[in-house]
Amino acid sequence: MTAFTKSSPSARCKSEYDSLRRVLLCPPEYMEIKDVINDVQKRYQEENIDTEKAMQQHKQFLDALQHEGVETDLLNPSEAFPEQVFTRDIGFTVGDSVYIAEMASEIRQGEEGVLQKWLTKNDFKAEALGGNRVEGGDVLIDRDTVFVGISSRTCKNAIDELQKKLPEFEVIPISFDEKYLHLDCVFNILSPTEALIYEEALDQETIDMLSKRYTLLPVDQQEQFALGTNVLSIGERRVFSQPQNIKVNALLRANDFRVIEVDFSEIIKSGGAFRCCTLPLIREE
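Description of the structure in this document. Since this is a predicted model, take the numbers as computed values, not measurements. (Residues numbered from 1 in each chain as written. Predicted model: local features only at pLDDT ≥ 70, side-chain atom pairs only at ≥ 80, totals over all residues. Heavy atoms only, no water.)

Description of the sheet that holds strand β13 (residues 238-241)
Next, step 1: Spatial ordering of the open sheet is given by β12-β13-β14, a layout of three strands whose pairing is mixed. Looking at the sheet topology across the chains shown, the edges are occupied by β12 (232-235) and β14 (258-261). Put simply, the sheet's adjacent strands are angled 30° from each other on average, direction ignored.
Next, step 2: Bridge count between β12 and β13: three bridges; the pairing is antiparallel. Paired with L232 across the bridge in β13 is F240.
Next, step 3: Against the sheet, helix α7 (residues 246-254) contacts β13 and β14, and its axis sits at roughly 150° relative to β14. (Pairing = 2+ DSSP bridges. Helix = DSSP H or I, 4+ residues; strand = E, 2+ residues; numbered from the N terminus. Axes fitted to C-alpha atoms, helices over the stretch in contact; angles between N-to-C directions. Contact = heavy atoms within 4.5 Å.)

Notes on the packing of aromatic side chains
The description of two aromatic rings rests on the distance between their centres and on the angle between their planes.
Next, step 1: This model, assessed by the stated rule, comprises eleven aromatic pairs.
Next, step 2: Where Y180 meets Y198, the ring centres are 5.4 Å apart and the plane angle is 70°; that geometry is what we call edge-to-face. Of this pair, Y180 sits in the loop between β8 (170-175) and β9 (187-189) while Y198 sits in the loop between β10 (194-197) and α5 (204-211), and the two are 18 residues apart along the sequence. Each member of the pair, Y180 as well as Y198, carries the same accessibility label: buried.
Next, step 3: Among the aromatic residues, those joined into a cluster by ring pairs are F61, F240, F264 and F274.
Next, step 4: Lying across the ring of F257, R237 places its NZ or CZ 4.0 Å from the centre. (Phe/Tyr/Trp six-rings, centres within 6.5 Å; stacked < 30°, edge-to-face > 60°. Buried < 20%, exposed > 50% of the residue type's maximum accessible area, 1.4 Å probe, protein only. Lys NZ or Arg CZ within 6 Å of the ring centre and 35° of its normal.)

Section: unusual backbone geometry
Next, step 1: Here the phi dihedral of D123 falls at roughly 65°; this positive angle occurs in a residue that is not glycine.
Next, step 2: Mapped onto the elements of the fold, D123 is located in the loop between α3 (111-121) and β5 (126-128).
Next, step 3: For R237, which is not glycine, the phi torsion reads 60° and is therefore positive.
Next, step 4: Examined against the element boundaries, R237 turns out to sit in the loop between β12 and β13.

Points about the nonpolar core
Next, step 1: F61, L65, L232, F240, F264 and F274 are the most contacted members of the largest nonpolar core, which totals 28 residues.
Next, step 2: Broken down by secondary-structure element, the contributors of at least two residues to this core are β1 (19-25), α2 (51-67) and β12.
Next, step 3: Counting residues per element, this core draws most heavily on α2, which supplies five residues.
Next, step 4: With residues near it in sequence (within four places) discarded, L232 still touches L20, F61, L65, R88, R238, V239, F240, F274, R275, T278 and R283.
Next, step 5: Y180, L183, Y198 and Y214 belong to the second-largest nonpolar core, a separate cluster that totals 20 residues. (Core = buried A, V, L, I, M, F, W, Y, C linked by side-chain atoms within 4.5 Å.)

Okay, structure coming up:
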């Protein structure tokens, strides 16, 4: 097991793929599909969530992160927030600040306050975007570039304000088919030169723009629905992915990534996987 030491409370994040040192999660103790807010939930609404199984899978993920040397912090789950396991949506780290999201769905409103209290208690610098709707699943960072998905969860005004707050970054809006919920469900940066993509959700102009910067590794419709694009990169070409997404994993391995497989089949029923369930606080180059 790789040892880790308690890090200083200073956020640092300038990519999706630098070595992950500290991350914030929340156990799915009260996870439940109450109000359907995406297509995946619609599929599993009647079956709903086996909370005990979800907790076991989340614990296996937590243990695997720690085994890879990642320091893990946990929010206290609340019965009032059945989607709280998806910590990425309630915030995102750019540079030395954690930006607190403004949640679009009523069932998730209030999670922002829980994050704000945790950040204050743990001496992290927090920023807000003035009431403009934005969720962290739509925000991807790569050095001096921040890609922001325009969706039903993230509005154009939030993107404009983010550009004003981050003058040293180029903020690039990306339009995509909103039925896929967040940008990280259809596009995910793996390294300085590679990214996963589900092309059917994006227009050709966007695909052409991204292909000039990255080698785009395609995800098919079946594995996109199983959140195959929503992997988590933790640095040194290590990627968390589900064993069920056989094609994605074979593609990753063929491109010299080390795939760390963890079964997340219960948690994905609510529409998110490894990236959705992690709010990076510190990444180091």
